[in-house]
Amino acid sequence: MIDFNVAALRRIGLTHPIAARLAEHGDGHGLPARVASVHRASLVLHDGQREWPARPHPGLDALPAVGDWVLYEDDGHGGTCVRTLVEPVNVLARRGADGTRQRLAANVDTALLVMALDGDFNLRRLERYLMVARASDVAPVVVLTKGDLVPDADDKAAQVGARIPVAVPVVRVQATAPDAAGLLAPWLGAGQTLVLLGMSGVGKSTLTNTLTGALQDTGGVRGGDDRGRHTTTARSLHLCPDGACVIDTPGLRSWQPDADEEDVGAAFEEIGTLAARCRFHDCTHTSEPGCAVREEVDPDRLRNFHKLLREVRHAEQTPLDRIAERSKWKVLKREFKARTKAKG
Ligand SMILES: Nc1nc2c(ncn2[C@@H]2O[C@H](COP(=O)(O)OP(=O)(O)OP(=O)(O)O)[C@@H](O)[C@H]2O)c(=O)[nH]1
Ligand SMILES: [Mg+2]
Ligand SMILES: [Zn+2]
């Protein structure tokens, strides 16, 4: 069995399931560490005592993400090589434009979904983030920042409360103010791992600095609009004084969810429940009479539900399915053309 310093690894978020998985790698090859940051193809590891660079072995199935647990070895040239990726408890991921899965962060307990109450405010996007957290089995907490900058902060916060499931906690912070740590204390217990997700400029790095004492760059916001400048360029893990780990991430420009229909259903649970009261058992909640969903659910939320459902159905198709579908369309189009020609 691998010999490891449990006390030091706890400091960087070692949990029981991960300790058990580390113990299973009993062949004595490699020492455990956590991925503290990822820069293109190079990694920074942390073992609870020190941080140092490493490179992933080309034979790894997937490039480790920040938060992953790995086993490392000396590469024989004075460097460190990561040969084993310990199976994570959960992974936050997204799909690239080509359908490939990109791992964003692993072994996370809580996702702080950060949204600013200024121009960044967007309930549909928040619903999308909530669905991804749900799909990855990560507990979401909505964090609303920049309330100090706008006159209608209370009104917007109330809209959030009215729109998302009551079970999801919503916390309002000023990311620069020290009391942010107190407001988020329920999720900052020792050994907890949190990830901050949200658009560029909403205050993720500012909040990371406030919670951990880190000195990460934070951005000014471009004049004219409220969009950030993409100040943060890599995902990185930081330690809080009370023992939690916080992963800061760059703002996501687009987030194609790595989710399926079931995840959408789970994130919009009340729609499934209400559907039992629709007049038609196969009601699509679009135009049918006697639809209980349309009666109860915010119309914009329902539109977003349908949109996300379409998206995941599309993403679920493998590239081969897509090719088959495209050629089917081509055939139909050709037939259609032939028919209109025949008519004319
Ligand atoms: N007044 C006020 N300013 C804030 C708040 N949160 C963040 N800011 C400011 O907003 C700007 C952007 O904050 P960052 O922390 O860099 O944003 P980010 O989410 O890390 O952005 P990216 O790294 O680009 O993804 C900085 O100038 C912060 O000082 C807040 O709650 N109130
Ligand atoms: Mg940042
Ligand atoms: Zn219906």
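Further up the page is the structure itself.
Residues numbered from 1 in each chain as written. Chains lettered and ligands numbered in written order. Predicted model: local features only at pLDDT ≥ 70, side-chain atom pairs only at ≥ 80, totals over all residues. Heavy atoms only, no water.

**Q** Explain the coordination of the magnesium ion (ligand 2) to me, and be specific about the residues and the numbers.
**A** Distances from the magnesium ion (ligand 2) to its protein donors, Ser205 (OG) and Thr232 (OG1), fall within 1.9 to 2.1 Å. With a gap of 27 residues between them, Ser205 in helix H6 (residues 204-212) and Thr232 in the loop between H6 and strand E12 (235-239) connect regions that are remote in the sequence. Look at Ser205 and you get buried, because its relative accessible area is 7%. (Donors = N, O, S within 2.8 Å, 3.2 Å for Na, K, Ca; no water. Helix = DSSP H or I, 4+ residues; strand = E, 2+ residues; numbered from the N terminus. Buried < 20%, exposed > 50% of the residue type's maximum accessible area, 1.4 Å probe, protein only.)

**Q** How would you explain the packing of aromatic side chains if you had to name every residue and give the values?
**A** Overall, the coordinates contain two aromatic pairs when judged by the stated rule. When the centroid spacing of 5.0 Å and the interplanar angle of 75° are considered together, the rings of Trp52 and Tyr72 count as edge-to-face. Highlighted residues: Trp52 in strand E3 (residues 51-56) and Tyr72 in strand E4 (residues 69-74), separated in sequence by 20 residues. Residues Trp52 and Tyr72 agree in their burial class; the two are buried. Positioned above the aromatic ring of Trp52 is the side chain of Arg50, whose terminal nitrogen or guanidinium carbon lies 3.8 Å from the ring centre. (Phe/Tyr/Trp six-rings, centres within 6.5 Å; stacked < 30°, edge-to-face > 60°. Lys NZ or Arg CZ within 6 Å of the ring centre and 35° of its normal.)

**Q** Kindly report on the pattern of salt bridges, identifying the contributing residues and their values.
**A** This model, assessed by the stated rule, comprises 20 salt bridges. Here Asp300 and Arg124 are joined by a salt bridge, their closest N and O atoms 2.7 Å apart. Of this pair, Asp300 sits in helix H10 (residues 299-316) while Arg124 sits in helix H3 (residues 123-135), and the two are 176 residues apart along the sequence. A salt bridge links Arg163 to Asp300; its shortest N-O distance comes to 3.0 Å. Residue Arg163 is located in helix H4 (residues 153-163), and its partner Asp300 is located in helix H10; the two are separated by 137 residues in the primary sequence. (Salt bridge = Lys/Arg side-chain N within 4 Å of Asp/Glu carboxyl O.)

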